[in-house]
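# Architecture and fold: a report
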Amino acid sequence: MMTTTLGAAAILAALPALASEDIADQYPGSALYSKPVEVIPNVFSAIGATAPPGEANAGHNNNLSFVITGDGVVVVNAGANNALAAALHDEIRAVTDQPVRLVINENGQGHAMLGNGYWVDQGVPVLAHVEAAEEFEAHGYEILSGMQNYAGPYAGDSRAQGPTEVFEDRYDVPFGDVAIEVLHLGPAHSAGDISVWLPEQGLVIAGDMAFHERMLPLFADTDTSDWIDTWDNAFEPLGATYVIPGHGHPTNMDQVRRFTRDYLVYLRDKIGAHIEAGGTLTDAYYVDQSPYARLDTFEELATKNAGRVFEEMEWE
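Each chain has its residues counted from 1, following the order in which its sequence is written. Reporting of local features is limited, given that this is a predicted model, to residues whose pLDDT is at least 70; pairs of side-chain atoms are given and counted only at 80 or more, and all residues count toward the totals for whole chains, interfaces and linings. The side-chain numbers reported here are obtained from all heavy atoms of the structure, hydrogens and water having been left aside.

### Regarding the pairing of strand β1 (residues 37–40)
What counts, and what does not: Any two strands with at least two DSSP bridges between them are considered paired. By the criteria applied, helices consist of DSSP H or I runs no shorter than four residues and strands consist of E runs no shorter than two, each listed in order from the N terminus.
In terms of strand pairing, β1 meets strand β2 (residues 43–46) through 3 bridges, oriented antiparallel. For Val-37, the partnering residue across the bridge sits in β2 and is Ser-45. What sits between the antiparallel neighbours β1 and β2 is a turn of 2 residues, in which Asn-42 has the positive phi angle 75°.

This is the structure in structure tokens:
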């Protein structure tokens, strides 16, 4: 079984139109929601559903990526359960004989870490930022229970296995002929968010630093001002040509800037004006976000995001 290879230009031109919460599972017979595509030579990504996680997508609603380095494979995101991790491993074996030598968790959320147990059982080290490891250690069993509730039979024997290695600012992958930098650029979407940067290829596997086809979610502890600062001062200066976001199809910086950084600025401006006018939290939920209404998960997240930004900005 061979993985479909698409030219980068074709992907960037064609894939955005495919995103929809209504598209059924695209890869019957596999736990994966979609078959991995080769974004640029030797960099693959299995694009998850833009809908919330559930049994219909086996929890595969984020991107599971891997890089073939010439001396082993680097996987970005362990998957939301062992079934997804095993299915991704099958796809890797279909395109290369090189062994998986490292798995990287993009943050401490379940879709990044709950497949760790599978990879650890294969003898593969798992890397995460120290803050992501702490987040998962504190909440891993709760996260596991939530996945068991939504994933049905796909939960299987998954366990709350944290990373085996941690780093703080930067980790350079020490093998292969592809330069790979694992970077903690600063505060963003959630604790310990990282991006994987391939400087020679101009490609960043951005993780949840960047969104575009689905509305980004804000957590109670997300600091949107810090996220914007991290974007402007660390993420944007990478100068990436290709972006594999945490969710949604591979794209470019213009697109993720529009629906991540610019959305955060837009919402903060709206909420700031609302506060200046004496508005309350109750009314803040309904500030105008219509320019972003076409994004998947808009209905689920727009009002929550507005409320969280109000609570953040009320005392700034």
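### Points about the pattern of salt bridges
Quick reminder of the rule: Salt-bridge detection follows one rule: a side-chain nitrogen of Lys or Arg within 4 Å of a carboxyl oxygen of Asp or Glu. Working definition: with a 1.4 Å probe on protein chains only, accessible area under 20% of the residue-type maximum means buried, over 50% means exposed, and in between means partly exposed.
Inspection of the entire model under this criterion finds 12 salt bridges. Linking Asp-121 and Arg-159 is a salt bridge whose minimum nitrogen-to-oxygen distance equals 3.0 Å. Separated by 38 residues along the polypeptide, Asp-121 in helix α4 (residues 116–121) and Arg-159 in the loop between α5 (130–151) and β7 (165–167) bring together distant segments of the chain. Accessibility expressed as a relative area gives 30% for Arg-159, which makes it partly exposed. Arg-170 serves as the salt-bridge partner of Glu-181, at 3.2 Å between the closest nitrogen and oxygen. With Glu-181 in strand β9 (residues 181–183) and Arg-170 in strand β8 (residues 170–172), this residue pair connects regions lying 11 residues apart in the sequence. Each of Arg-170, Asp-172 and Glu-181 takes part in salt bridges that share partners, so that together they form one network.

### Quick notes on a negative patch on the surface
Keep this limit in mind: What makes a patch is a set of residues exposed beyond 30% relative accessible area and free of salt bridges, joined within 9 Å when like-charged and within 5 Å when nonpolar (Val, Leu, Ile, Met, Phe, Trp, Tyr). Under the convention used here, a 1.4 Å probe and the Shrake-Rupley method define accessible areas, while residue burial counts only the protein chains that appear. In this charge count, Lys and Arg are treated as positive and Asp and Glu as negative; neither His nor the chain ends contribute. Where a charge lies is defined by one atom per residue type, namely NZ (Lys), CZ (Arg), CG (Asp) and CD (Glu).
A surface patch of like charges, here negative, comprises Glu-131, Glu-134, Glu-137, Glu-168 and Asp-169. Tracing the backbone through its elements, the reader meets Asp-169 in the loop between β7 and β8.

### Structural notes on unusual backbone geometry
Although it is not a glycine, Asn-42 adopts a positive phi angle of roughly 75°. One can find Asn-42 in the loop between β1 and β2. Residue class for Asn-42 comes out partly exposed when judged on its relative accessible area of 37%. If you check the backbone angles, Ala-58 has positive phi at about 60° while not being a glycine. Note on placement: Ala-58 falls in the loop between β2 and β3 (64–68). Its relative accessible area of 1% is what places Ala-58 among the buried residues.

### Some words on the pairing of strand β10 (residues 195–198)
Side chains Ser-195 and Trp-197 project from β10 onto one buried face, and the interleaved Val-196 and Leu-198 project onto a second face that is buried too. With 3 bridges connecting them, β9 and β10 associate as antiparallel partners. Directly across from Val-182, in β10, lies its bridge partner Val-196. Both β10 and strand β11 (residues 203–207) contribute to a ladder of 3 bridges, which runs antiparallel. Along β11, the bridge assignment pairs Leu-198 with Leu-203. Between β10 and β11, which follow one another and run antiparallel, lie 4 residues, and Gly-202 among them has a positive phi close to 65°.

### A look at the sheet that holds β8
The criterion, for reference: The axes are straight lines fitted to the C-alpha atoms, using for helices just the contacting stretch, and the angles between their N-to-C directions are given from 0 to 180°.
One open sheet holds the 5 strands; their spatial order is β8-β9-β10-β11-β12, and the pairing between them is mixed. The sheet is open, and its two edges are formed by β8 and β12 (242–245), each paired on a single side. Across this sheet, the average inter-strand angle for adjacent strands is 15°, counted without regard to direction. As paired strands, β8 and β9 are joined by 3 bridges and run antiparallel to one another. Pairing of Asp-172 across the sheet is with Glu-181, part of β9.

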